[in-house]
Structure formats: structure tokens, C-alpha cells
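Single-letter residue listing:
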Amino acid sequence: MVADDRGVLRRGRESKRVQQGSVDRVVRAALKLPPPRQQDMRELLKTRLAAATGGAVFSDQPRWARMSREAVEPYLRTPRDIARLVNAVQVHWAAVAGEGDLVDLVTLTTLRLFEPGAYRLIEEENEQLVGVEFRSRYKWDEEFAKGLTKTEPKVADAARAAVAALYPDFASALDTNSFDSRDRSLRRAHRRVCIAGHHRAYFAFAPEALTPRRAEVDAIFDAADPAPAFAALAETAEEDYPRAFRVLEEVEAQLHRGPLLSGALLSATLDASDQLLALAQRSDPFLFGDMLDLLATIIREGGLQLDASERAARLERLVRGGSGLTLRARVVVRDARAHRLIADEERGGAEPLFERASIATAVATLAAQIAAASEDGSIWSAPSLRYLLQVWRALAG
């Protein structure tokens, strides 16, 4: 830093008591300031980001701590660097607030400002990175890693760490470790850049038109009675089946975040299931299987977040009877296979959701309900008669 006081110099030149030559000989002092302390820079970044994003919180604090340390802070040498980064994040966040992951946005913005070559490579290959566009993974992984090296990153380790953390499936190709054990559904819940359907928002400065907004999904969980929202979703499926399916995918993803499967949400899912499954069956038998698996996963993954007493209450609702016989049977059969209570060509492998004795009782109850439905003729209104008969055979042994 070079310091002088221009006001003093100017007044000296104008003074009659100072010889003009002496002012010309004033020496400017060059001072080398010590670098800012890392802790101070970290606190400055935290404060500035909070102000720029309206107090938005990081969805995964441990992940942010590691990402910040390895992929962001190496580029922030001065407060000016922090100001550049925060200003850029503020502009983008205003357009996608709530529809993306702040950790990913800050990291990508860091690459855009300080590693433009690496950022352009990610932008060009984004569709392949998230699986929308498919090419041979083995060779492509190698080429992508070589391409990243060719961009000649200013901080090579930080650039590799950033890309690996943003796209964990490609970490091994970069000879690094993402240390990201989150499953795909939790990544979807956080709307991360590595998830198809959310990835374009990070580059287009706007959420994707076909992607359900977070507020729409949150409204389902916030409602005291989510039945109307599920009924409306079933109506939406009549006109736009793919969009209804995507909303349910987002619901399933959110259930990985905590104990959110209330009794009301379970009942709403069961009540809407027959209409959703019937629509899928009419469209394509393959869609029926996908929809049934998704609805069953909503119940299963939501149940895994509950304690034993809450799980028991959800099982009681499943075997009580009423709507959603096909879905109820699917959940019970899946858990019975996990306990190896059913011997057939499919294998369990998954963690059981309910106690063995409880699910054994549920198996007998559901088998009796399917038999009763065939006696009174109500089985003919099931979305798939064939599936229910197959389930009955498995349940009844």
C-alpha cells in the first residue's frame, strides 16, 4: 500500500512559507500490509452472504464447511475478492431464491469468477454430468477429467474439489473424494446442481419451468389436511401426468429430511393412490409400476424417519382397510420380503420398516382384505386386477 495525504501536499504547494522544491521532494511511504487472518475472512464472507441472501441458511452445514474450506476460500485472498463473489451470488440468488442449493450456487459462482475455464467446461457438459444426455461414461469420465486439467486452473486442487463436491458421481474420475454420503433423494431435496430437473437453474438465472416450485411442495407438508392437495394432484395427472409424477418425486425427496410422514399425509397418499395408479395403467403398464414404486417409497422412506411408536401407528392405518388397497398391499409385501416372510422370486434386502410380528399379522389381514374384495366384486375397480391377484398369491402363500 502506498500512503500519502494529498490535502497536505496541496496546501503545502499553495503556502508561501514552503519552498516549492521541498514539496516535490516529499517521499511517499510504501507499506506492505499483512494478509487478512483466515478467520476474519471467513467471518466476513459469512456476514456478507447472510446480508446478500436475506439470511438464507445452508441446507447442509457440514458440507458447506468443507466446501468453503477446500473449494471457495483458496480463491478469496482479499476483502475485494469476497465483495466480488457476494455481489455475483446476490444477483443470482434473487432470481432463484429457494429453488436451488446455496452451497452449490456459491461454489459455482466462485468457479465462474476465478476459474472461468473450468466453469465453461461444466456449463458445456452439464447435461451429461446430470445424466440427461448420455454418452459412454467410462471414456467420457476420462475425457472430462482431462478437459478440466486443460483449462489450467489457477488453484488445481480447489477446482477439482469443487467439481467433485458438485458432482459426486464423478469424483473418482478426478482422483479425489467428494466425501458426500448423501443419497440421491436427499440431494434432490436440497435441489442440488447434480440433479436433473434442478441443474439448469444454476446457469439460466431462473428456475426450470417444468420443475415444481419448493413452495408448492412445502404446502403439502405444511397443510393440516393434505388431502385436497393430493386430490388436486390426481386431477393434474389427468392433463399432465409427467408433472404430477415430478411433484411426487419432490415429496419423496423431502421425506428424507426428517419425520414428516404424518398420519394425515399417509391417508392423503392412500386416498389419491387408486386414481393416480389407474391413470398410469391406462397410459402405459410400465408407468403403473413406476408410480406404484414411487408411492410405496413415499410411505417407506417417510416411515424410516419415524420412531417405533409412530411406525406402529402408520402400520395400523395401512391394515385398517378403506382406500388404497393396491398401495397398502405393496407396502406390506415389500416389508414382508425384507423379513423373509414371503418366499418368491423377488428378494428383500432392504431394511425392514415394521416389527416382524406386526408385519406377519398385516400379511394375513391384507390377504383377507383382497379375498373379501374379490368376493364382493370391488376388486374389479382396482387399478390393476392382475397385480392384486399376484400380491394375494404371495400373501396367502
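Above this text sits the structure in question.
Residue indices begin from 1 for each chain and proceed along its sequence in written order. Given that this is a predicted model, residues contribute local features only at a pLDDT of at least 70 and side-chain atom pairs are listed and counted only at 80 or more, while totals for whole chains, interfaces and linings are drawn from all residues. Hydrogens are left out, water is left out, and the side-chain values use all remaining heavy atoms of the structure.

Chemist: What should I look at first to understand the overall build of the protein chain in this one?
Modeler: Counting from the N terminus, the helices are the DSSP runs of H or I reaching at least four residues and the strands are the DSSP runs of E reaching at least two. Counting secondary structure elements, the protein chain contains 21 helices and two strands. In this analysis, two residues are considered to be in contact whenever any of their non-hydrogen atoms come within 4.5 Å of each other. At a minimum sequence separation of 6, the contacts of the protein chain that also span at least 24 residues come to 70%. Accessible surface, the protein chain as shown: approximately 20,300 Å² in total, 53% of it carbon and sulfur. Note on areas: these come from Shrake-Rupley sampling with a 1.4 Å probe, and a residue is covered only by the protein chains present in the view.

Chemist: I would appreciate a short explanation of the packing of helix H15 (residues 241-254) against helix H17 (residues 285-304) in the present structure.
Modeler: The N-to-C vectors of H15 and H17 enclose an angle of 25°; their axes lie 9 Å apart at closest approach. It follows from the interaxial angle that H15 and H17 lie roughly parallel. Helix-helix and strand crossings are classified by hand; for H15 and H17 the assignment is left-handed. Contacts from Tyr241, Phe245, Leu248, Glu249, Val251 and Glu252 of H15 reach H17 at Leu287, Asp290, Met291, Leu294, Leu295, Thr297, Ile298 and Glu301. Lys, Arg, Asp and Glu make up the charged group, whereas Ala, Val, Leu, Ile, Met, Phe, Trp, Tyr, Cys and Pro make up the nonpolar group; the residues left over, Gly among them, are polar. Residue composition of the contact of H15 with H17, grouped by class: nine nonpolar, one polar and four charged. Working convention: axes come from line fits to C-alpha atoms, limited for helices to the stretch in contact. Angles between N-to-C directions cover 0 to 180 degrees. Here roughly perpendicular refers to angles of 65 to 115 degrees, roughly parallel to angles under 35, roughly antiparallel to angles over 145, and oblique to all remaining angles. Put simply, a crossing is left-handed when the front helix is turned counterclockwise from the back one by less than a right angle, and right-handed when it is turned clockwise.

Chemist: What is the right way to look at helix H6 (residues 102-114) in this model?
Modeler: An α-helix turns once per 3.6 residues; consequently, residues spaced three or four apart project the same way. Taking 1.5 Å per residue, 13 residues should reach 18 Å; H6 reaches 18 Å between its end C-alpha atoms and fits that length. Relative accessibility thresholds used throughout: buried, under 20% of the residue-type maximum; exposed, over 50%; partly exposed, between the two (1.4 Å probe, protein chains only). Of all 13 residues in H6, 12 are buried; the element is thus mostly enclosed. Buried residues of H6: Leu102, Val103, Asp104, Leu105, Val106, Thr107, Leu108, Thr109, Thr110, Leu111, Leu113 and Phe114, and no others. Buried residues along H6 sit in contact with helix H3 (38-52), helix H4 (61-72), helix H5 (79-96), helix H7 (116-124), helix H10 (156-166) and helix H12 (201-204). Any N or O atom pair separated by 3.5 Å or less is treated as a polar contact, with the protein-specific requirement of one donor-capable and one acceptor-capable atom, and with residues adjacent in sequence counted only for side-chain atom pairs. Sitting at the amino-terminal end of H6 is Asp101, which places a side-chain oxygen 3.3 Å from the backbone nitrogen of Val103. Helix span is expected to be 1.5 Å times the residue number reduced by one.

Chemist: Please explain the packing of aromatic side chains as it appears in this structure.
Modeler: Both the distance between ring centres and the angle between the ring planes are used here to describe each pair of aromatic rings. Two rings from Phe, Tyr or Trp (for Trp, the six-membered ring) form a pair when their centres sit within 6.5 Å of each other. Planes less than 30 degrees apart are called stacked, planes more than 60 degrees apart edge-to-face, and all others tilted. In this structure the tally under the stated criterion is six aromatic pairs. With centroids separated by 5.8 Å and ring planes inclined at 40°, the aromatic side chains of Tyr119 and Phe203 adopt a geometry described as tilted. Placement of Tyr119 in helix H7 and of Phe203 in helix H12 is noted, with a sequence separation of 84 residues between them. Each member of the pair, Tyr119 as well as Phe203, carries the same accessibility label: buried.

Chemist: Looking at this structure, how should I read the pattern of salt bridges?
Modeler: Oppositely charged side chains can pair when the atoms bearing their charge come close. For salt bridges, the criterion is a side-chain nitrogen of Lys or Arg within 4 Å of an Asp or Glu carboxyl oxygen. The final tally for this structure, using the stated rule, is 21 salt bridges. Within this structure, Arg63, Asp101, Asp104 and Arg192 form a network of salt bridges that share partners.

Chemist: Even after reading the chapter, I still don't get the side chain of Thr53, so can you show me in this structure?
Modeler: Within the element layout of this structure, Thr53 appears in the loop between H3 and H4. When neighbours within four sequence positions are excluded, Thr53 is seen to be in contact with Val89, Trp93 and Leu102.

Chemist: Please explain unusual backbone geometry as it appears in this structure.
Modeler: Glycine aside, the phi torsion of most residues is negative, and most peptide linkages are trans. We note that Phe205 has phi near 60°; this positive angle belongs to a residue other than glycine. When you line up the elements, Phe205 lands in the loop between H12 and helix H13 (214-222). With a phi angle near 60°, Arg340 is a residue other than glycine that sits in the positive phi range.

Chemist: Explain the layout of surface pockets here, please?
Modeler: Where empty space is left becomes clear once a probe the size of a water molecule has been rolled over the atoms. In the cavity and pocket records, a cavity denotes points on a 1 Å grid over the protein atoms alone where a 1.4 Å probe fits but cannot get out, a pocket denotes an open set with protein on both sides within 12 Å along at least 5 of 7 lines, and lining residues are residues with an atom within 4 Å of a point. Grid points are joined across faces, edges and corners, and a volume is the space filled by probe spheres set on the points. Of the pockets and cavities examined, the second largest pocket occupies roughly 370 Å³. Forming the boundary of the second largest pocket are 18 residues, of which Arg42, Lys46, Phe58, Gln61 and Trp64 lie nearest the centre. Looking at the lining of the second largest pocket, the elements with two or more residues in it are H3 and H4. In terms of residue count, the dominant contributor to the lining of the second largest pocket is H3 (seven residues). In terms of residue class, the lining of the second largest pocket is made up of nine nonpolar, four polar and five charged.

Chemist: Any chance you could explain the side chain of Ser384 here in plain terms?
Modeler: Within the secondary structure layout, Ser384 lies in the loop between helix H20 (356-376) and helix H21 (385-396). The class of Ser384 is buried, set by a relative accessible area of 8%. Leave out the neighbours within four places in its chain, and Ser384 touches Gln281 and Phe288.

Chemist: Whenever I open this one, the packing of H4 against H10 confuses me. Can you help?
Modeler: Geometrically, a packed helix pair is captured by the angle between its two axes and the distance between the axes. Interhelical geometry of H4 versus H10 gives an angle of 155° and a closest axis separation of 8 Å. One element, H4, and the other, H10, form an angle in the roughly antiparallel class. Contacts between H4 and H10 involve Arg63, Met67, Glu70 and Ala71 on the former and, on the latter, Ala158, Ala161, Ala162, Ala165 and Leu166.

Chemist: Looking at this model, I keep getting lost on the nonpolar core. Mind explaining?
Modeler: A general tendency of soluble globular proteins is for nonpolar side chains to be buried together. With 58 residues, the main nonpolar core has Leu248, Met291 and Leu395 as its most contacted residues. If one sorts the elements of this core by residue count, helix H16 (residues 263-283) sits on top with nine residues. We call a set of buried Ala, Val, Leu, Ile, Met, Phe, Trp, Tyr and Cys residues a nonpolar core when their side-chain atoms join them within 4.5 Å. Grouped together as the second largest cluster of nonpolar side chains are 51 residues, Phe114, Leu148, Ala165 and Phe170 included.

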